[in-house]
Amino acid sequence: MGQTRNIGFVGHSGSGKTTLAAKLLEQAGEKEIQLDASPEEKRRGYSIDLAVCACNWKDTKLNLLVAPGLGEFIEETIKAVYTADLVVLVVHGEKPVEVVTEQAWEVIARAKKPVLVFVNMMDRPEADPAKALEGLREGLNAKFWPIQWPIRENGELTGVVDLLSGEARGPKGGTSIPEAIKGHVEELKSQLIEEIASLDDVLAEKFLSDEEISPEELASALAKGVADGTFVPVLWGSAEAGVGMSQLLDVLRTLAPEPEAEETLRLWTFNILSDPYLGRIAFVRVSGGELSEGNAWTHLRTGNKVQIRDIYTLKGTKLEKTGKAAAGDIAALGKLEDIALGDTIAVEGAEPFPEPPFPKPVFSRAVYPKSQGDEEKLSTAMRDIVSTKVTLKFERDNVTKEAILSGMGDVQLDVVRERLKNRYNVEVELRIPKIPYLETIKKQATAQYRHKKQTGGHGQFGEVHLRIEPLPRGEGFQFLDETKGGVIPQQFIPGVEKGVREAMQEGVLAGYPMVDIKAVVFYGMYHPVDSSELSFKIAARQAFKLAAEKAEPALLEPIMLLTVIAPEAFTGDIISDLNARRGKVLGMESQDGKTVVKAEVPLAELLSYALDLKSMTQGRASFQMEFLRYDFVPAQLQEKIVAEANAAKESS
């Protein structure tokens, strides 16, 4: 019976996920295997993007989704987990619980996905199955039960024994169980049967009554326990040595739950890539019906009809044009330019797939092209790159006018820099961004200015009397006309407002835009021949500057709401560090064994917080931040910022 299972591979960097996936493909008969194929991955020697590949094992197609293991690429882990029917948490035999192991486990728990653990690299000298099992149980706090046990002889990994069947296999086929571990294997088998029996009331009764439980009953109960998350199997092996590969494929085939079949077609776009030959490719999971070329469906985000053109399925690491895809399978669609990550294509009126909880970008750098002629190419290339990642954002800051690239950390942004060069021939520099300060006033002030200029023919004349006063934070700008008796004709009042608005864009302290100000024109003078809107615009601009200089101008800085999630042991260091950053701690609470710290912190103090927090907590803390409000910059700091801004103006 033909069937499909989607398997996610996640875990810490260096646990061997990519090597494992390649070995599984090879074991299943795939010859052309190319994982970590991008220039950036080849140069760095580790995975960067989600790899999607497939193989056939016996009567089952296995779609493998292999996520990179660096914390900055957690987006790929989330994609793999939420797309998968079963997740394989790959851990290192010598150090089973590492930072991204914990992060991946949290993602799996949130997604409520069935999971098994593959303990890789059991051929390493310090790999100890008992210690690895203990480390998993203590570090991840779940019911981990080995359904296999590794055979190590003279410090070498020679095979793996299936605890239920008693069958032992090495890299070249069947092997024997050494006398030294036979007793331990029998003990583990007895414990395993008891644990599996406890998953089913009928089997539990049989076990307590010493009745025989058939292999089929054990297999059924085991599969149910994995599917509902009450049982986490542990498997062992070494991808490099080729030990445990066929056993793992067998387990994936039998334990991965069958994909839920929906009555009508629904596609979820879980990954997008730009192929140098095929163009933009959208990877979708087919959750119902059959997908065929030529059919038209509804793009639920836009409401537009979408015609399905090129359909590819996976063979090894290659895309093969097939023209169709069945329910439960993964397909790649070409020539869908308007599709974005997370989009759903389905029948009209269908429910869109809920978006997984992706983190927001937290690390920003200003992007400067090395060649001035590359501005347009940069914008096009960045739109293309950012459209493939939820955790990347590219925008122009309205205040500083800088192009800002935001992501999860310096490594992710450096990968973007390399891709711009390798794929789009655009070289850029990444710099610490300028802070988008604003200016305002603290008190009321008045000023007047007469603009008078005599030239050949008509001259220029306009006199404006202006009063300005501060508004509450966030109110922006208000303009009022309180003139009486036609001292300024109504047709020139718009010119006064334009002049004020222009002056506010330039600021009076350090050249930053001014906000939260009410400007009132209350008197003026005009000339019946020489007055014009331009004359009043110039007069208003100068009057505003004079008034602003007397109104106690002040700098405003963006304040962010920071949420840090960290193991309790690091709470003290985090609080001390936030205090040093002019932060105000709002509160702390416990959540799933960790401490959540909320604080208000100026953006100027957070430009490298992603790197500093990683260093401070060995990478075990995460954070998110969002804009909260603008607030006054402390006086001593304001002097320094204004001096630096003026010095920069003079040198430019």
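Residues numbered from 1 in each chain as written. Predicted model: local features only at pLDDT ≥ 70, side-chain atom pairs only at ≥ 80, totals over all residues. Heavy atoms only, no water.

**Student:** So what exactly am I meant to see when it comes to the sheet that holds strand β2 (residues 51-57) here?
**Tutor:** Taken together, seven strands build an open sheet; the order of strands is β2-β3-β1-β4-β5-β11-β6 and the sheet is mixed. Strand pairing shows two members of the sheet lacking a second neighbour, β2 and β6 (144-146), which therefore form its edges. With direction set aside, neighbouring strand axes in the sheet form an average angle of 30 degrees. Two elements, β6 and strand β11 (residues 232-236), share three bridges in a ladder whose sense is parallel. The residue bridging Phe-144 from the neighbouring strand is Val-232, located in β11. Its contacts with the sheet place helix α5 (residues 129-140) against β4 (86-92), β5 (115-120), β6 and β11, and it is angled at close to 160 degrees to β6. (Pairing = 2+ DSSP bridges. Helix = DSSP H or I, 4+ residues; strand = E, 2+ residues; numbered from the N terminus. Axes fitted to C-alpha atoms, helices over the stretch in contact; angles between N-to-C directions. Contact = heavy atoms within 4.5 Å.)

**Student:** Could you clarify how one ought to interpret empty space enclosed by the protein in this entry?
**Tutor:** Over the atoms rolls a probe the size of a water molecule, and in doing so it shows where empty space is left. For the structure shown, the criterion picks out two cavities of 30 Å³ or more. Each pocket or cavity is described by its volume, and for the largest cavity that value is around 100 Å³. Looking at the largest cavity, it is lined by 14 residues, and the ones nearest its centre are Asp-49, Phe-73, Lys-389, Gln-412 and Arg-419. Listed by contribution, the elements that provide at least two residues to the lining of the largest cavity are α3 (74-83) and α11 (410-424). Ranked by residue count, the leading element in the lining of the largest cavity is α11, at four residues. Classifying every residue of the lining of the largest cavity gives six nonpolar, two polar and six charged. One number sums up the size of the second largest cavity: a volume of about 60 Å³. As for the second largest cavity, its lining consists of Lys-79, Trp-268, Thr-269, Phe-270, Leu-341, Gly-342, Glu-355, Pro-356, Phe-358 and Val-390. (1 Å grid on protein atoms, 1.4 Å probe; cavity = no way out; pocket = protein on both sides within 12 Å on 5 of 7 lines; lining within 4 Å. Points joined across faces, edges and corners; volume = space filled by probe spheres on them. Nonpolar A, V, L, I, M, F, W, Y, C, P; charged D, E, K, R; others polar.)

**Student:** So what exactly am I meant to see when it comes to the packing of aromatic side chains here?
**Tutor:** Any pair of aromatic rings gets described here by the distance separating the centres and the angle formed by the planes. Inspection of every chain in the model, using the stated rule, returns nine aromatic pairs. With centroids separated by 6.3 Å and ring planes inclined at 45 degrees, the aromatic side chains of Trp-268 and Phe-353 adopt a geometry described as tilted. Note that Trp-268 is positioned in strand β12 (residues 266-275) and Phe-353 in the loop between β21 (344-346) and β22 (363-369), a separation of 85 residues in sequence. Seen in terms of ring centroids, Tyr-609 and Phe-623 are 5.0 Å apart; in terms of plane orientation they differ by 80 degrees. Their pairing is edge-to-face. Within this pair, whereas Tyr-609 is found in helix α15 (residues 609-616), its partner Phe-623 is found in strand β34 (residues 622-632), the two being separated by 14 residues in sequence. Of the two residues, Tyr-609 and Phe-623, neither departs from the other in class, the shared state being buried. An aromatic cluster of three or more residues is present, and its members are Trp-268, Phe-270, Phe-283 and Phe-353. For Arg-431, the ring lying beneath its charged end belongs to Tyr-368, and the centroid distance is 3.9 Å. Over the ring of Phe-632 we find Lys-442, and its NZ or CZ is 4.7 Å from the ring centre. (Phe/Tyr/Trp six-rings, centres within 6.5 Å; stacked < 30°, edge-to-face > 60°. Buried < 20%, exposed > 50% of the residue type's maximum accessible area, 1.4 Å probe, protein only. Lys NZ or Arg CZ within 6 Å of the ring centre and 35° of its normal.)

**Student:** Even after reading the chapter, I still don't get α5, so can you show me in this structure?
**Tutor:** Think of an α-helix as 3.6 residues a turn; residues three or four steps apart then line up on the same face. With twelve residues, α5 should cover 16 Å at 1.5 Å per step; its first-to-last C-alpha distance of 16 Å lies within 8% of that length. Tucked inside the fold, the buried residues of α5 contact β4, α4 (99-111), β5, β6, β7 (148-153) and β11. At the N-terminal end of α5, a side-chain oxygen is found 2.9 Å from the backbone nitrogen of Ala-130, two or three residues along, and the residue is Asp-128. Once α5 ends, the next one or two residues include Asn-141, with phi positive near 55 degrees. (Expected span 1.5 Å × (residues − 1). Polar contact = N/O pair within 3.5 Å; in protein donor to acceptor, adjacent residues only side chain to side chain.)

**Student:** So what exactly am I meant to see when it comes to the pairing of β22 here?
**Tutor:** Put simply, side chains in a regular strand alternate between the two faces of the sheet. Buried residues dominate β22, accounting for five of its seven residues. As judged from the four bridges shared by β22 and strand β24 (residues 403-407), these two strands associate in the antiparallel manner. Considered in β24, the bridge of Phe-363 is made with Gly-407. Alignment of β22 against strand β25 (residues 428-431), held across four bridges, turns out to be antiparallel. Bridging from a neighbouring strand, Tyr-368 pairs with Glu-429 of β25.

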